[in-house]
Structures are given as structure tokens and as C-alpha cells.
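Here are the chains, one letter per residue:
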Amino acid sequence: MTKVSIIGSGFSSLSAACYLAKDGYEVSVFEKNNSIGGRARQIKKEGFTFDIGPSWYWMPDIFEKFFNDFGKSTKDYYELDKLSPAYKIFFSDDEITIGDTMDKICDEFERIESGSSKPLRKFISQAQENYDIAINKIVLKPGLSPLELVTKDTITRIDQFFKTISSQVRKNFKNPKLISTLEFPVLFLGAKPSKTPSFYSFMNFADFGLGTWHPKGGMYEVIKAMGDLAESLGVTIHTNSAVNEINVLEGKTTGIVVNGKTIKSDYVLSGADYCHSETLLKPQFRQYSEAYWEKKTFAPSSLLFYVGFDKKLNNVEHHNLFFDTDFEAHAEDIYDNPKWPEEPLFYVNFPSITDTRMAPKNCETGFFLIPIAPNLEDTEQLRQQYFDIIIERFERKTAQKVVDNIIFKESFCVKDFKKEYNSYKGNAYGMANTLMQTAFLRPNLKSKKVKNLYFTGQLTVPGPGVPPSLISGKLAADLIKKHQSN
Ligand SMILES: Cc1cc2nc3c(=O)[nH]c(=O)nc-3n(C[C@H](O)[C@H](O)[C@H](O)COP(=O)(O)OP(=O)(O)OC[C@H]3O[C@@H](n4cnc5c(N)ncnc54)[C@H](O)[C@@H]3O)c2cc1C
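Rules behind the numbers
- Residues numbered from 1 in each chain as written.
- Predicted model: local features only at pLDDT ≥ 70, side-chain atom pairs only at ≥ 80, totals over all residues.
- Helix = DSSP H or I, 4+ residues; strand = E, 2+ residues; numbered from the N terminus.
- Rg over C-alpha atoms; globule rule 2.2 N^0.38 Å.
- Buried ≥ 20, exposed ≤ 12 C-beta atoms within 10 Å, placed from the backbone.
- Contact = placed C-beta atoms within 7 Å.
- Near = placed C-beta within 6 Å.
- Nonpolar A, V, L, I, M, F, W, Y, C, P; charged D, E, K, R; others polar.
- Domains from an automatic or database assignment.
- Pairing = 2+ DSSP bridges.
- Axes fitted to C-alpha atoms, helices over the stretch in contact; angles between N-to-C directions.
- Core = buried A, V, L, I, M, F, W, Y, C linked by C-beta atoms within 7 Å.
- Parallel < 35°, antiparallel > 145°, perpendicular 65-115°, else oblique.
- Left-handed = near helix turned anticlockwise from the far one by under 90°.

Draft legend 1. Examining the overall build of the protein more closely. From N to C terminus, the protein includes 16 helices and 19 strands. For the protein, the C-alpha radius of gyration of 22 Å lies close to 23 Å, the compact-globule estimate for 486 residues. By principal-axis analysis of the C-alpha atoms, the protein measures approximately 65 × 55 × 45 Å. Within the span of the protein, comprising 486 residues, buried residues form 51% of the whole. Summarising the internal contacts of the protein: among those between residues at least 6 apart in sequence, 71% fall at separations of at least 24.

Draft legend 2. Layout of unusual backbone geometry. With an omega of 0 degrees, the peptide bond running from Ser84 to Pro85 counts as cis. The topology assignment puts Pro85 in the loop between β5 (80–82) and β6 (87–90). In this model, Val461 is joined to Pro462 through a cis peptide bond whose omega is 0 degrees. By the element assignment, Pro462 lies in the loop between β19 (453–455) and α16 (466–485). Phi at Asn259 takes a positive value of approximately 45 degrees, unusual for a residue other than glycine. Looking at the element boundaries, Asn259 is found in the loop between β11 (252–258) and β12 (261–264). Phi at Asn422 is positive, roughly 55 degrees, even though this residue is not glycine. Checked against the element boundaries, Asn422 lands in the loop between α15 (414–421) and β19.

Draft legend 3. Representation of the site of the ligand within the structure. In the region of the ligand, 37 residues are neighbours, and Gly8, Gly10, Gly38, Pro54 and Gly457 sit closest. Of all the secondary structure elements, the ones that give two or more residues to the shell around the ligand are α1 (11–22), β14 (301–309) and α16. Take the shell around the ligand: its biggest share by element is three residues, from α1. Looking at the shell around the ligand residue by residue, the class counts come to 16 nonpolar, 18 polar and three charged. Summarising the domain contributions, the shell around the ligand has at least three residues from each of domain 1 (3–79 + 218–295 + 431–485) and domain 3 (298–421).

Draft legend 4. Region of the structure containing the domain arrangement of the protein. Domain annotation of the protein identifies domain 1 (3–79 + 218–295 + 431–485), domain 2 (110–205) and domain 3 (298–421). Each of domain 2 and domain 3 has a C-alpha centre, and the two are 28 Å apart. Residue-level contacts link four residues of domain 2 with seven residues of domain 3. Each residue belonging to the side of domain 2 that touches domain 3 can be placed in one class, and the counts come to one nonpolar, two polar and one charged.

Draft legend 5. Quick peek at the sheet that holds strand β18 (residues 406–412). The mixed open sheet is built from seven strands, whose spatial order is β7-β6-β15-β16-β17-β14-β18. Across the chains shown, the open sheet's two edge strands, defined by having one partner strand only, are β7 (95–98) and β18. Averaged over all pairs of adjacent strands, the angle between their axes in this sheet comes to 15 degrees, without regard to strand direction.

Draft legend 6. The arrangement of the environment of Thr279 in detail. Mapped onto the elements of the fold, Thr279 is located in helix α11 (residues 274–279). Measuring from C-alpha to C-alpha, the distance between Thr279 and Asn486 comes to 29 Å, with 207 residues separating the pair along the chain.

Draft legend 7. Geometry of the environment of Asn444. Note on placement: Asn444 falls in the loop between α15 and β19. Judged by the 18 C-beta atoms lying within 10 Å of it, Asn444 falls in the partly exposed class. Sequence separation between Asn444 and Gly143 is 301 residues, and the spatial gap between their C-alpha atoms is 7.3 Å.

Draft legend 8. Molecular detail of the pairing of strand β3 (residues 42–45). Bridging between β3 and strand β4 (residues 48–51) involves four bridges; their strand directions are antiparallel. For Gln42, the partnering residue across the bridge sits in β4 and is Asp51. Counting the residues in the hairpin turn of β3 and β4 gives two residues, including Glu46, whose phi is positive at 50 degrees.

Draft legend 9. Molecular detail of the nonpolar core. Core analysis: the largest hydrophobic core is formed by 145 residues, its most contacted members being Ala17, Leu20 and Ala476. When sequence neighbours within four positions are dropped, the list of residues in contact with Ala17 reads Ile6, Val27, Val29, Ala230 and Val235.

Draft legend 10. Representation of the packing of α1 against helix α10 (residues 220–232). It is at 9 Å that the axes of α1 and α10 come closest, and there the two elements cross at 25 degrees. With respect to each other, α1 and α10 are oriented roughly parallel. Helix-helix and strand crossings are classified by hand; for α1 and α10 the assignment is left-handed. Here Leu14, Ser15, Ala17, Cys18 and Ala21 of α1 lie close against α10, whose contacting residues are Met226, Gly227, Leu229 and Ala230. Its residues assigned to classes, the contact of α1 with α10 comprises seven nonpolar, two polar and no charged.

Written out as C-alpha cells, the structure is:
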């Protein structure tokens, strides 16, 4: 049997493990932490359950397709709820609630700007066409050649790769609140909307067209499902198993060193952060220099708080965005002139509002996220200072006192991203999807210097986010299978 060693147990690694095991490979997964899931792990404390990373379950079709590839369905593993409303956005002078149907969303747009529902429907219809092309044709390509992007559909939309989502939104909408609402989905891709090609409007279809879902029990249910599926296919998963080295002999990998012990394998696939994975190789076998990574646009890092409240909260939904300060000023502090933001935008989720399993009775589980530039100074004092800023704003905007109801609070920031995941500069969600960091312009799935060495995950193809990570694992597994069959 052909042996494959996989580094890491995030979505991409688990996805690759399942596809390879199904095709008869002997697959072992090595994870440095004590539980699987990578950035999507979960903590349970004092009856509260926190997903410590992803919380937006978008593109349900991609999750379904993943399980269907193994003769299963998401329903075999977890129960999905379509959130209604999907989320709420707090602005300085108003609130926008995004419903679970296009009709409800159009009504809300009309309330803000009369006549805006017509361009919205047109915009979302074009976004849907882009979604179909992106999901069915582009993201399933391994990013090995620019020719992969040349199709009848992309050629007729070539202008959408050179215009930005920001200019397209502004062409159709004038109200700043609607502009921010429509620019929000591409923030998942890790760059400013003014640097993201308008073709990525397919994220708007994912948002308004496909809706926001919640797996009962939290996002970690998906990781558990993938872990169970992998094991049922014969994958062996080792936790507390840090990979210290990728071995190379005569230009070909021969395996890895785990906690000092050599594990021989025919192929090595790393789902750990790409830059870290290459440091496991001797310098002559690395494809990308420090200068290469330094020049790239990384997705933000985050300051996160996991907070348990001893009461139910008012005026909030499952997902809440606080866009009550200047979006542009905060984006500049992340991308143009990296520093701690003066007036941060932030995001909060309370999964216990729709899912009683997530908190003790009459309590609320809260997850607060401030996006920040990677590699900022990270001290306890700064973390507390920013918690005080956002909790005060939260209380003001939602008209309630909550600070005295906190019975549990933990934080996670740049230092933790580095320590827990070997993340480059403490990035939270990988390398951004800008025009110059799309498809074949991203770090390669296949090593150009070491035979039988492959990479997967949010720093490679197709990019950041849970659905892309599922696809990335499949692409890497397909390349290994193709290589072996040649
Ligand atoms: C705070 C936050 C919020 C997010 N929100 C969303 C969201 O709402 N929706 C969404 O779709 N996406 C979201 N994302 C992005 C999404 O979580 C990621 O894109 C995805 O989980 C990345 O998976 P991965 O497999 O590429 O990497 P990871 O999950 O980082 O997995 C890599 C694994 O490799 C392990 N590893 C590293 N070095 C070694 C080593 N030497 N030996 C062994 N193991 C090693 C790490 O411990 C880790 O488990 C969010 C991310 C964060 C951090």
C-alpha cells in the first residue's frame, strides 16, 4: 500500500485524508495539538461551548458535495439550521437585518434606499452566474497553469478580474450602509474590497442567495464528522504529534520526523501553514524565500474573546457585525499602515441564541472578533484595553449592561496563532485572494523542488475559508493520485 503522511488536521488535511484513504492509500495524519481541527477547534468551559475559529457556515452545497463523494450526507453527521435572520449589522445611526430570503433582504434594502432592490436583484443574479462558474469550473482546478483560467465563461467576464468589488458595488449603490453590507462578504477572502476582483461577487451570492447556516452543536461538529469519516475509511490520526522535519533523499521525500521519530512514507502532504511547512525542509529544498512571503498580502490576524454571560442578552442575533465606526480607517490600519485600530469594527456571535446546546440555561455564549494586521504587538494589556473598548460600544449599541454578567472570558491573539498553529506572522485566515494571489499565482499545491511533496490549505489553492479548504484537500489528493498513476 502507498503510504501518505499528512501534516496537520485542519479542514484541508482531513479532506485530503478522506479522499486518499477512499482510493486505497495508507494515510496517517500528524497533528501537533491535542485535538484535531486546527483553526476550527472548540473549547468547552463551565457549560459554555465556543468554536474558537470559524462560525459562518456558508456554501452548504460544498459541504454536502464533500460528504456525497463518500456516499454520505451532512445529515448523517450533523443537523443544519438555516439562520433567520442570517445576521444583523449595527451602524452608527441604524441597524440592518439580513433576512433568510431575497425578498426579505430586498425589503430591507428598500427601507434604506428607495429603488435599491432592483439593482440588488441584478447584482445578485450576476453574482450567482459567477458562483456557478467559480465553484463548478475554476476552484476545482489545481492552479498549475494560467491556462486553467481561460474558459469561454471567464473570457466573457475578463473585465471582472480587473475591476474591483468595491467599484462595482459603488457603481450600483450610493448609500454607505448598503455599500458596507455588500462589501462585507469579500472580507472573508482576506483583502480590502478595493483590492478584490469583482468576479468574487460570488461571495455575495453565497451570502444572500444561499444563506447562513449553523450546524447544531457548533462548527466543530463538521470537524468531528470529517474525523469520523476519515477513521471509518482507515485513516490513522495522531494528536500531540508535532512534525519536526520533512526528510528528502535524492530530491524525493522519504517521510517525516515526528517528535523525534522517523516515519517513512511514499508521499508527504502538509496542511500546516505553507511557510512553516517549508521550514521543515533543509533550505535548498524550499521554494519560497522569506522575501517572497514578506511581499504577499496576508489575511488579517484577529483579537478574539470567548465570553460566557450569566444571562440572556437583548437586541442581538446569532451573528452581529458592528460597523458603527469608519470601515476605511480600520482597513487602512490592517493593510496600508499596520497598527492597532483606533476605532475598531468588530464581529460578535452568540450561537446560544439559536442553539441551546451552546450555553447553560439562561446564559449566553459570546465570541468577539476584532480583525487586526498580522504581527502586531500582542500583550495582555492591549487585549484588555480593546476588550474594554468593544464591550462599552456593545453595551451602548445594544442598550444593555453586560460587563457585570461575565462569568468566563478567554482571549486569543497574534501570539496564540503563532504558537498554536505555526502561523506566519500570526495570520488568522491565510493569504488573501487578490488578483495577483489568485489560482496559479498562489503558492503551489505541488513542490517544484521535492518529488512526492504536496501542500494544501488556506495559503495555497483556492484560498482562505472552510469551503475552499475542503476543496484544497481534494485538489491535493487528486494531484497525488494523478502523479502515482503516471
Ligand atoms: C478566528 C477565525 C474565524 C474564521 N471564520 C471563518 C468563518 O466564519 N467561515 C469560514 O469559512 N472560514 C473562517 N475562517 C477561516 C477557516 O477557519 C480556515 O480557512 C480553515 O479552517 C483553514 O484550514 P486549514 O486546513 O487550511 O488550516 P488549519 O486549520 O490551520 O490547520 C493546520 C493544522 O496544522 C497543524 N500544524 C501546524 N504545524 C504543525 C506541525 N509542525 N506538525 C503537526 N501539525 C502542525 C496546526 O496545529 C493545525 O491544526 C476563520 C478563521 C479564523 C482563525
